[in-house]
Amino acid sequence: MNGSSSGLVNGLSSHEKVAILDAGAQYGKVIDRKVRELCVESEILPLDTPAFTLKEKGYSAIIISGGPNSVYAEDAPMYDPTIFRCGLPVLGICYGMQMLNKEFSGSVERKSVREDGQFTISVDTTCALFKGLKPEQDVLLTHGDSISKVGQSLKAVGHSGNIVAAIANEKQKLYGVQFHPEVDLTEHGLQMLRNFLFNIALCKADYTMKSRETECIDYIKDTVGGHKVLMLVSGGVDSTVCAALLHKALDEDQVIAVHIDNGFMRKKESQRVEESLRNIGLKLRVVNAAHTFYSGCTTLPMCRSDPNSRKRKTKTLTTTSDPEEKRRIIGDTFMRVANEVIEELDLKPEEVYLGQGTLRPDLIESASELASNRADAIKTHHNDTDLVRELRLQGRVVEPLKDFHKDEVRCIGNDLGLPAELVQRHPFPGPGLAIRVICADEPFMDRGFAETSIILKIIADFSNAVKKPHALLNRIRDSTSDQEQDLLTRISATEELTATLLPIKTVGVQGDCRTYSYIAALSSDREPDWENLMTLAKIIPRICHNINRVVYAFGGQIQHPVQEVTPTFLTDGVLSTLRQADYLAHQVLRETGCVAKVSQMPVVLIPIHFDRDPIDSQPSCQRSIVIRTFITADFMTGIPATPGKQIPKEVVFKIARQVLTVPGISRVLYDLTAKPPGTTEWE
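The structure reproduced in this document is the subject of the present report. All of these numbers come straight from a predicted model, not from anything done at the bench.

A look at the overall build of the protein chain
Across its full length, the protein chain holds 20 helices and 22 strands. Relative to a compact globule of 683 residues, whose C-alpha radius of gyration would be 26 Å, the protein chain shows 25 Å and is just as compact. Counting the 683 residues in the protein chain, one finds 61% classified as buried. In the structure as shown, the protein chain presents an accessible area of about 26,200 Å², 48% of it carried by carbon and sulfur atoms. In the protein chain, 79 positive and 88 negative side-chain charges are present, and the distance between their average locations comes to 1 Å.

Considering the sheet that holds strand S11 (residues 255–261)
On the basis of which strands lie adjacent, the open sheet formed by five strands has the order S12-S11-S10-S15-S16 and parallel pairing. The open sheet has two edge strands with one neighbour each: strand S12 (284–288) and strand S16 (397–398). One ladder, built from two bridges, connects strand S15 (residues 352–355) with S16; its direction is parallel. Note that in S16 the partner of Gly-355 across the bridge is Val-398. Contacting S11 and S12, helix H7 (residues 269–279) crosses the sheet at an angle of about 170° to S12. Strands strand S10 (228–232), S11, S12 and S15 of the sheet are contacted by helix H9 (residues 323–344), whose axis makes an angle of about 135° with S10.

Section: the nonpolar core
Counting 88 residues, the largest nonpolar core has Ile-627, Tyr-670 and Leu-672 as the members making the most contacts within it. Discounting residues that sit within four places of it in the chain, Leu-672 has contacts with Leu-522, Trp-530, Leu-533, Met-534, Ala-537, Val-550, Val-551, Tyr-552 and Pro-640. With 34 residues, the next largest nonpolar core counts Ile-20, Cys-94, Leu-197 and Cys-203 among its residues.

A few points about helix H20 (residues 649–659)
Taken as a whole, H20 has its buried residues at Val-651, Val-652, Ile-655, Ala-656 and Val-659. One side of H20 holds all its buried residues, which, seen down the axis, span an arc of 140°. Away from the buried face of H20 by more than 90 degrees, exposed residues Glu-650 and Arg-657 are located. Turning to H20, the residues buried within the fold contact helix H19 (572–591), strand S21 (623–627) and strand S22 (665–671).

Regarding the side chain of Asn-169
In this structure, Asn-169 sits in strand S8 (residues 163–169). Separated by 3.2 Å, the side chain of Asn-169 and the backbone nitrogen of Lys-171 make a polar contact. With sequence-adjacent residues up to four places away left out, Asn-169 is seen in contact with Ser-153, Leu-154 and Leu-174.

Comments concerning the environment of Asp-238
With respect to the helices, strands and loops of the structure, Asp-238 is situated in helix H6 (residues 237–249). In contact with Asp-238, other than residues within four places in its own chain, are Gly-357, Leu-359, Leu-401, Lys-406 and Val-409.

Some words on the sheet that holds strand S20 (residues 603–606)
Pairing is mixed in the open sheet, where six strands are placed in the order S17-S18-S19-S22-S21-S20. Taken across any chain shown, the strands that pair with only one partner, and hence form the sheet edges, are strand S17 (498–510) and S20. The sheet shows a mean angle of 30° between the axes of neighbouring strands, direction not considered. Sheet topology places S20 next to S21; four bridges connect them, and they run antiparallel. If you follow Leu-605 over to S21, its bridge partner there is Ile-625. Here helix H14 (residues 449–460) sits on the sheet and contacts S17, strand S18 (513–523) and strand S19 (547–553); the angle it forms with S17, its principal contact strand, is near 110°. Against the sheet, H20 contacts S21 and S22, and its axis sits at roughly 155° relative to S22.

Topic: the packing of aromatic side chains
Following the criterion strictly, the structure yields 11 aromatic pairs and no others. Where Phe-444 meets Tyr-518, the ring centres are 5.1 Å apart and the plane angle is 40°; that geometry is what we call tilted. Highlighted residues: Phe-444 in the loop between helix H13 (420–423) and H14 and Tyr-518 in strand S18, separated in sequence by 74 residues. Relative accessible area serves as the criterion here: at 1%, Tyr-518 is assigned to the buried category. Pairing Phe-449 with Tyr-518 gives two aromatic rings, centres 5.5 Å apart and planes at 65°, and the pair type is edge-to-face.

So, the layout of surface pockets
The volume enclosed by the second largest pocket comes to roughly 840 Å³. Those elements that place two or more of their residues in the lining of the second largest pocket are strand S5 (107–123), strand S6 (136–149), strand S7 (155–160), helix H17 (482–495) and helix H18 (530–543). The greatest single-element share of the lining of the second largest pocket, amounting to eight residues, is contributed by H18. In terms of residue class, the lining of the second largest pocket is made up of 12 nonpolar, 14 polar and nine charged.

Re the pairing of strand S4 (residues 90–93)
Going residue by residue along S4, you find Val-90 and Gly-92 tucked away on one face and Leu-91 and Ile-93 tucked away on the opposite face as well. Both strand S3 (residues 59–64) and S4 contribute to a ladder of three bridges, which runs parallel. Looking across to S4, one finds that Ile-63 is bridged to Leu-91. Looking at chain direction, S4 and strand S9 (residues 174–177) are connected through four bridges and run parallel. Following the sheet pairing, Gly-92 is matched in S9 by Gly-176.

Looking at the side chain of Ser-60
Within the fold, Ser-60 resides in strand S3. Sequence-distant contacts of Ser-60, that is, excluding residues within four places in its chain, are made with Glu-16, Lys-17, Leu-88, Pro-89, Ala-201 and Cys-203.

Here we look at the packing of H19 against H20
Packing of H19 against H20 brings their axes to within 9 Å, and their N-to-C directions diverge by 150°. One element, H19, and the other, H20, form an angle in the roughly antiparallel class. Of the two elements, H19 crosses H20, and the hand of that crossing is right-handed. Of H20, the residues touching H19 (which contributes Ala-581, Leu-584, Ala-585, Val-588, Leu-589 and Glu-591) are Val-651, Lys-654, Ile-655, Gln-658 and Val-659.

Quick word on the state of the cysteines
Taken as a whole, this structure holds zero disulfides when the rule is applied. Sulfur of Cys-127: no disulfide; nearest cysteine sulfur belongs to Cys-203 and is 17 Å away.

Some thoughts on unusual backbone geometry
The omega torsion across Lys-675 and Pro-676 is -5°, close enough to zero to call that bond cis. Considering the arrangement of structural elements, one finds Pro-676 in the segment after S22. Positive phi outside glycine occurs at Ser-105, with the angle close to 65°. With respect to the helices and strands, Ser-105 occurs in the loop between helix H3 (95–103) and S5. Its relative accessible area of 42% is what places Ser-105 among the partly exposed residues.

Definitions and limits used
- Residues numbered from 1 in each chain as written.
- Predicted model: local features only at pLDDT ≥ 70, side-chain atom pairs only at ≥ 80, totals over all residues.
- Heavy atoms only, no water.
- Helix = DSSP H or I, 4+ residues; strand = E, 2+ residues; numbered from the N terminus.
- Rg over C-alpha atoms; globule rule 2.2 N^0.38 Å.
- Buried < 20%, exposed > 50% of the residue type's maximum accessible area, 1.4 Å probe, protein only.
- Areas by Shrake-Rupley, 256 points an atom, 1.4 Å probe, with all protein chains shown as cover.
- Lys, Arg positive; Asp, Glu negative; His and termini not counted.
- Charge placed at Lys NZ, Arg CZ, Asp CG, Glu CD.
- Pairing = 2+ DSSP bridges.
- Contact = heavy atoms within 4.5 Å.
- Axes fitted to C-alpha atoms, helices over the stretch in contact; angles between N-to-C directions.
- Core = buried A, V, L, I, M, F, W, Y, C linked by side-chain atoms within 4.5 Å.
- Arc of directions from axis to C-beta.
- Polar contact = N/O pair within 3.5 Å; in protein donor to acceptor, adjacent residues only side chain to side chain.
- Phe/Tyr/Trp six-rings, centres within 6.5 Å; stacked < 30°, edge-to-face > 60°.
- 1 Å grid on protein atoms, 1.4 Å probe; cavity = no way out; pocket = protein on both sides within 12 Å on 5 of 7 lines; lining within 4 Å.
- Points joined across faces, edges and corners; volume = space filled by probe spheres on them.
- Nonpolar A, V, L, I, M, F, W, Y, C, P; charged D, E, K, R; others polar.
- Parallel < 35°, antiparallel > 145°, perpendicular 65-115°, else oblique.
- Left-handed = near helix turned anticlockwise from the far one by under 90°.
- Disulfide = S-S within 2.5 Å.

In structure tokens:
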């Protein structure tokens, strides 16, 4: 019995097809999805697919995805340069644009400026790609390399300040964009793709999708046959929809639904999961495995970049601070507990399939080959560890949702008739609160810490700083446009902000690569202008490449530098503090009717004790809480909710006040970071 998808795709007959050449982008599969939404069939192929193969198989156009590499690097991925001269229309996205420019004798280089987030660019609306659009467009940029010289026979048709944001050769139907038209943060990206597919490549919109539900059920029946499936159910929409599909596709005695309480659930979470799933007819087996997880460990390669290197045993989960190791331990412990359940039921492991509600973003961020063979690993999802990948190779994993994104899964849930309260629930990660505790036993302060702290102070006081010469002032000027410098001058003259670098790290995604970087905390003695704070949150990571997250700290200006941490691990006391803070924050969200205003609201505990005067030698013993409101459609990109715009200010302030009632909390912070450069979760 083979556990693969048997070649099933979201469509039926043969149509005109667009080739998507995969250069390793985090958003490669999103391109595929957006093209299919426009009723054009697409296929993701390796970047080095020869041009003659594309012509021979009758592809109508080529889209080249972004990627984490540099086109000028020695280890840059190989490709066939004749794809740009084979007569097919080409759209190069991000890395794909730089490939196009390089092939026409242009140059690309790493500049001091990075762009990671949503920015406004100017475009030439006479260019066919931008037909029907306004000259200024809000787009998602995520890159460190930029075009320094436009290639021969190409012309610049878009700019982000002084940076080339789009190029074209209209005669040869060659187009390149530095931004990502496939994601929601590029507000008119779908229109740009529509222009390319229909006005430039002359494709026909004749590709229709099969019923999502029917396709998933066919896949399940074909994969599972007469075997049993152990379905791990967290209570979130992904695993619930997956369980419902299995329940519909298979006989009742084939599906073993199990909820594993790993000890990192939210307050009363397991009880709610059990009740809600039993209400829709799912027989659920609940396993309390908290102790197993707390004492869990696993083996990992000595060298992270070489999975075949000698193995080492990790520390136990409750003494581990590394976020990637925490995820690996949790994922592998889930598998061990699942096997124990199989043994208790007197079943043979080799005859039982594992059911998972894995989504496309999970696989992309884990750098699974099911999503891309070139993408950089941002974080290991608990449903895509080495043990799970081994089971996949054995054909023993059933994942009917692996080609879908969150919003599509909710559509399936609605089609299945699941209650709205289940379908619209905010996502809660499988590892639970374990990845919402930033563990540390010592501060992280590398050799760039002091310099970055100074740059932050210059940014916060930019209107005065420009009057006094400083060596680091040029770095800010080199990394920002004239318009952004004007914004910094205006904001710093009116806001009276303090900017503090925190000696801890969080996971982010910048330039299609994983980053593990600092957090900048802004603070003020008066209520800030939230739009100004959001602007600073975009500009700061652009200047300081070792910062991937910006927060606002309630409670007045931070007077003292933070250079120590409160030792923090996954202990009962730490988890109880976070559990209560999470409960109070979400209670306010529910009582004020604001749950639907955000897609998710992670509540994160960090090991930072503010407002300690170093002269007093007061030990660091308190911790702080971060509120991460997040708005997104597909969880590949997203923005924070701006107080006073997407969420009422009074709700945000009430959340902060309520969380501060939890003993041991120093301050409450509000995450201002979009994705990218920050990920949805902090770990």
